[in-house]
Amino acid sequence: MEVMSNNPASLFRHMQRVGSSVSLTLDELGGGTPPLKNYDPFNLAEFGSDETLLWFRAAELKHGRCAMVATTGYLLNAAGFHFPGMLSTSENISFESLSSMSPPDAWAAVPTAGKAQILFTIFVAELITEGYQGTHYMKGGTMPTMVFPKIDFSGVSEKTMERKRNAELNNGRLAQIAIMSFISAHYIPGSVPALVDNAGHF
(Lines give C-alpha, C1' and ligand atoms only; values in the text may rest on other atoms or scores of the structure.)
Protein backbone atom coordinates (compact mmCIF):
# COMPACT_ATOMS: atom_id res chain seq x y z
CA MET A 1 0.00 0.00 0.00
CA GLU A 2 1.43 3.38 -1.00
CA VAL A 3 -0.41 5.26 1.74
CA MET A 4 1.86 5.09 4.78
CA SER A 5 1.09 6.11 8.34
CA ASN A 6 1.28 9.90 8.80
CA ASN A 7 2.93 10.40 5.40
CA PRO A 8 0.96 13.35 3.98
CA ALA A 9 2.72 13.33 0.61
CA SER A 10 1.58 9.76 -0.10
CA LEU A 11 -1.83 10.51 1.37
CA PHE A 12 -2.21 13.56 -0.86
CA ARG A 13 -1.32 11.58 -3.98
CA HIS A 14 -4.01 9.11 -2.96
CA MET A 15 -6.49 11.98 -2.54
CA GLN A 16 -5.68 13.33 -6.01
CA ARG A 17 -6.48 9.95 -7.56
CA VAL A 18 -9.85 9.53 -5.88
CA GLY A 19 -11.11 13.12 -5.95
CA SER A 20 -12.38 15.38 -3.17
CA SER A 21 -14.80 12.98 -1.49
CA VAL A 22 -13.89 11.23 1.74
CA SER A 23 -11.72 8.30 0.70
CA LEU A 24 -9.10 7.99 3.40
CA THR A 25 -9.71 5.61 6.26
CA LEU A 26 -8.19 5.51 9.72
CA ASP A 27 -6.32 2.36 8.70
CA GLU A 28 -4.60 4.31 5.92
CA LEU A 29 -3.94 7.31 8.12
CA GLY A 30 -2.31 5.16 10.80
CA GLY A 31 -2.08 5.73 14.53
CA GLY A 32 -4.33 2.86 15.60
CA THR A 33 -2.85 0.33 18.03
CA PRO A 34 -4.32 -2.39 20.29
CA PRO A 35 -6.35 -2.64 22.43
CA LEU A 36 -8.49 0.22 21.00
CA LYS A 37 -7.29 0.25 17.41
CA ASN A 38 -8.87 3.08 15.40
CA TYR A 39 -11.39 3.92 18.12
CA ASP A 40 -13.76 6.50 16.58
CA PRO A 41 -17.17 6.22 18.29
CA PHE A 42 -18.42 9.54 16.83
CA ASN A 43 -17.27 8.74 13.27
CA LEU A 44 -15.24 11.94 13.07
CA ALA A 45 -13.11 10.34 10.35
CA GLU A 46 -16.13 10.53 8.04
CA PHE A 47 -16.77 14.22 8.72
CA GLY A 48 -15.73 16.44 5.83
CA SER A 49 -13.08 15.68 3.20
CA ASP A 50 -9.74 13.89 3.24
CA GLU A 51 -8.11 17.26 3.95
CA THR A 52 -10.37 17.59 6.99
CA LEU A 53 -9.17 14.21 8.24
CA LEU A 54 -5.54 15.30 7.83
CA TRP A 55 -6.35 18.48 9.77
CA PHE A 56 -7.91 16.38 12.54
CA ARG A 57 -4.77 14.23 12.71
CA ALA A 58 -2.51 17.28 12.87
CA ALA A 59 -4.69 18.77 15.62
CA GLU A 60 -4.52 15.51 17.59
CA LEU A 61 -0.77 15.42 17.17
CA LYS A 62 -0.22 18.99 18.35
CA HIS A 63 -2.69 18.74 21.22
CA GLY A 64 -0.98 15.54 22.33
CA ARG A 65 2.43 17.20 22.31
CA CYS A 66 1.13 20.18 24.28
CA ALA A 67 -0.53 17.83 26.76
CA MET A 68 2.70 15.86 27.27
CA VAL A 69 4.58 19.09 28.04
CA ALA A 70 1.74 20.30 30.28
CA THR A 71 1.54 17.01 32.18
CA THR A 72 5.29 16.95 32.75
CA GLY A 73 5.31 20.57 33.89
CA TYR A 74 2.29 20.01 36.13
CA LEU A 75 3.96 17.06 37.87
CA LEU A 76 7.28 18.88 38.27
CA ASN A 77 5.52 21.92 39.73
CA ALA A 78 3.46 19.76 42.09
CA ALA A 79 6.65 17.99 43.23
CA GLY A 80 8.27 21.31 44.07
CA PHE A 81 10.89 21.41 41.31
CA HIS A 82 11.56 24.86 39.91
CA PHE A 83 14.03 27.08 38.08
CA PRO A 84 16.46 29.11 40.18
CA GLY A 85 16.23 32.86 40.48
CA MET A 86 13.47 35.33 39.78
CA LEU A 87 10.64 35.13 37.29
CA SER A 88 10.01 38.87 37.67
CA THR A 89 12.23 41.26 39.59
CA SER A 90 9.79 44.14 39.17
CA GLU A 91 6.96 42.09 40.67
CA ASN A 92 9.29 40.35 43.15
CA ILE A 93 8.13 36.90 42.03
CA SER A 94 10.59 34.03 42.30
CA PHE A 95 10.32 30.61 40.71
CA GLU A 96 10.55 29.16 44.19
CA SER A 97 7.44 31.07 45.31
CA LEU A 98 5.52 29.72 42.33
CA SER A 99 6.56 26.15 43.16
CA SER A 100 4.81 26.43 46.53
CA MET A 101 1.48 27.00 44.73
CA SER A 102 -0.71 24.62 42.80
CA PRO A 103 -0.03 24.83 39.04
CA PRO A 104 -3.26 26.78 38.25
CA ASP A 105 -2.48 29.26 41.04
CA ALA A 106 1.12 29.54 39.84
CA TRP A 107 -0.10 30.43 36.34
CA ALA A 108 -2.45 33.04 37.78
CA ALA A 109 0.48 34.59 39.65
CA VAL A 110 2.58 35.05 36.50
CA PRO A 111 2.58 38.76 35.54
CA THR A 112 0.64 39.79 32.44
CA ALA A 113 3.86 40.51 30.55
CA GLY A 114 5.07 36.99 31.30
CA LYS A 115 1.83 35.44 30.07
CA ALA A 116 2.06 37.55 26.91
CA GLN A 117 5.58 36.29 26.19
CA ILE A 118 4.50 32.68 26.65
CA LEU A 119 1.47 33.11 24.40
CA PHE A 120 3.54 34.91 21.75
CA THR A 121 6.04 32.03 21.70
CA ILE A 122 3.16 29.59 21.25
CA PHE A 123 1.80 31.74 18.42
CA VAL A 124 5.16 31.70 16.60
CA ALA A 125 5.46 27.93 17.04
CA GLU A 126 1.94 27.52 15.65
CA LEU A 127 2.81 29.55 12.56
CA ILE A 128 5.88 27.39 11.96
CA THR A 129 4.10 24.06 12.46
CA GLU A 130 1.19 25.10 10.25
CA GLY A 131 3.55 25.03 7.28
CA TYR A 132 3.59 28.69 6.34
CA GLN A 133 7.26 28.22 5.49
CA GLY A 134 6.39 25.54 2.91
CA THR A 135 3.67 23.22 1.63
CA HIS A 136 0.83 22.82 4.11
CA TYR A 137 0.22 19.30 5.45
CA MET A 138 -3.33 19.40 4.05
CA LYS A 139 -1.80 19.90 0.60
CA GLY A 140 0.82 17.16 0.77
CA GLY A 141 3.39 18.74 3.09
CA THR A 142 4.79 17.10 6.20
CA MET A 143 2.84 16.82 9.41
CA PRO A 144 3.67 19.40 12.11
CA THR A 145 7.12 18.71 13.54
CA MET A 146 8.83 19.67 16.78
CA VAL A 147 9.92 23.30 16.68
CA PHE A 148 12.19 23.55 19.71
CA PRO A 149 14.50 21.69 19.28
CA LYS A 150 14.47 20.62 15.64
CA ILE A 151 15.06 16.87 15.40
CA ASP A 152 16.51 15.17 12.31
CA PHE A 153 14.88 11.80 11.58
CA SER A 154 16.29 11.50 8.03
CA GLY A 155 18.34 8.43 8.95
CA VAL A 156 15.47 6.54 10.58
CA SER A 157 13.71 3.77 8.65
CA GLU A 158 10.02 4.11 7.75
CA LYS A 159 9.12 1.10 9.90
CA THR A 160 10.81 2.63 12.94
CA MET A 161 9.23 6.01 12.23
CA GLU A 162 5.77 4.45 12.07
CA ARG A 163 6.34 2.84 15.48
CA LYS A 164 7.58 6.16 16.87
CA ARG A 165 4.59 8.03 15.41
CA ASN A 166 2.15 5.58 16.97
CA ALA A 167 3.95 5.83 20.31
CA GLU A 168 3.84 9.62 20.19
CA LEU A 169 0.12 9.63 19.39
CA ASN A 170 -0.66 7.17 22.19
CA ASN A 171 1.46 9.03 24.72
CA GLY A 172 -0.22 12.26 23.68
CA ARG A 173 -3.68 10.74 24.07
CA LEU A 174 -2.81 9.54 27.57
CA ALA A 175 -1.32 12.92 28.45
CA GLN A 176 -4.52 14.67 27.38
CA ILE A 177 -6.48 12.47 29.77
CA ALA A 178 -3.89 13.14 32.51
CA ILE A 179 -3.88 16.93 32.25
CA MET A 180 -7.69 17.05 32.12
CA SER A 181 -7.76 14.86 35.24
CA PHE A 182 -5.31 17.13 37.09
CA ILE A 183 -7.32 20.24 36.28
CA SER A 184 -10.62 18.56 37.18
CA ALA A 185 -9.18 17.37 40.49
CA HIS A 186 -8.07 20.91 41.28
CA TYR A 187 -11.32 22.69 40.49
CA ILE A 188 -13.76 19.90 41.40
CA PRO A 189 -12.44 18.09 44.49
CA GLY A 190 -13.24 14.38 44.43
CA SER A 191 -13.97 14.31 40.68
CA VAL A 192 -10.94 12.08 40.04
CA PRO A 193 -10.89 9.26 42.62
CA ALA A 194 -7.27 8.32 41.87
CA LEU A 195 -6.13 11.81 42.90
CA VAL A 196 -8.23 12.24 46.05
CA ASP A 197 -5.32 11.50 48.41
CA ASN A 198 -3.06 13.86 46.50
CA ALA A 199 -5.46 16.79 46.25
CA GLY A 200 -3.01 19.12 47.97
CA HIS A 201 -0.54 18.72 45.13
CA PHE A 202 -3.05 19.56 42.42
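See the structure shown above.
The model shown is predicted, which means the values in this text are computed figures rather than measured ones. (Residues numbered from 1 in each chain as written. Predicted model: local features only at pLDDT ≥ 70, side-chain atom pairs only at ≥ 80, totals over all residues. Heavy atoms only, no water.)

**Some remarks on the overall build of the protein**
When helices and strands are tallied, the protein shows seven helices and two strands. Ordered by position from N to C terminus, the α and β elements of the protein give α-α-α-β-β-α-α-α-α. Here the protein holds 202 residues, and the buried ones make up 35% of them. Intrachain contacts of the protein at a sequence separation of at least 6 include 59% that bridge at least 24 residues. Accessible surface, the protein: about 12,700 Å² in total, of which carbon and sulfur atoms supply 63%. (Helix = DSSP H or I, 4+ residues; strand = E, 2+ residues; numbered from the N terminus. Buried < 20%, exposed > 50% of the residue type's maximum accessible area, 1.4 Å probe, protein only. Contact = heavy atoms within 4.5 Å. Areas by Shrake-Rupley, 256 points an atom, 1.4 Å probe, with all protein chains shown as cover.)

**Structural notes on the nonpolar core**
Counting 10 residues, the largest nonpolar core is built from Leu26, Leu29, Ala45, Leu53, Leu54, Ala58, Leu61, Tyr137, Met143 and Leu169. When residues of this core are traced back to their parent elements, those giving at least two are α2 (26–29) and α3 (50–78). Among the elements that line this core, the one with the most residues is α3, at four residues. Judged by nonpolar contacts, the second largest core, of nine residues, contains Ala67, Ala185, Val192 and Leu195. (Core = buried A, V, L, I, M, F, W, Y, C linked by side-chain atoms within 4.5 Å.)

**Let's talk about unusual backbone geometry**
Positive phi outside glycine occurs at Asn92, with the angle close to 55 degrees. For Asn92, a relative accessible area of 63% translates into the label exposed.

**Some points on the side chain of Asn77**
Topologically, Asn77 is positioned in helix α3. What makes Asn77 buried here is its relative accessible area of 16%. When residues no more than four places from it in sequence are discounted, the contact partners of Asn77 are Leu98, Ser99, Met101, Ser102, Pro103 and Ala106.

**Thoughts on the pattern of salt bridges**
Pairing between side chains becomes possible if they bear opposite charge and their charged atoms approach one another. Applying the stated criterion to the full structure yields five salt bridges. The salt bridge involving Arg173 is made with Glu60; its shortest N-O contact spans 2.5 Å. Of this pair, Arg173 sits in helix α7 (residues 158–187) while Glu60 sits in helix α3, and the two are 113 residues apart along the sequence. With a relative accessible area of 27%, Arg173 lands in the partly exposed category. Looking at Glu60, the relative accessible area reads 23%, which means it is partly exposed. If you follow the salt bridges from partner to partner, you end up with Arg57, Glu60 and Arg173 in one network. (Salt bridge = Lys/Arg side-chain N within 4 Å of Asp/Glu carboxyl O.)

**Observations regarding the packing of aromatic side chains**
Enumeration according to the criterion identifies three aromatic pairs in this entry. Where Phe83 meets Phe95, the ring centres are 5.5 Å apart and the plane angle is 70 degrees; that geometry is what we call edge-to-face. Of this pair, Phe83 sits in the loop between α3 and β1 (86–88) while Phe95 sits in helix α4 (residues 95–99); the two residues are 12 residues apart in sequence, bridging distant segments of the chain. The cationic tip of Lys115 hangs over the ring face of Trp107; the distance from NZ or CZ to the ring centre is 5.3 Å. (Phe/Tyr/Trp six-rings, centres within 6.5 Å; stacked < 30°, edge-to-face > 60°. Lys NZ or Arg CZ within 6 Å of the ring centre and 35° of its normal.)

**Here's the deal with the environment of Ser99**
Relative to the elements of secondary structure, Ser99 occurs in helix α4. Judged by its relative accessible area of 15%, Ser99 is buried.

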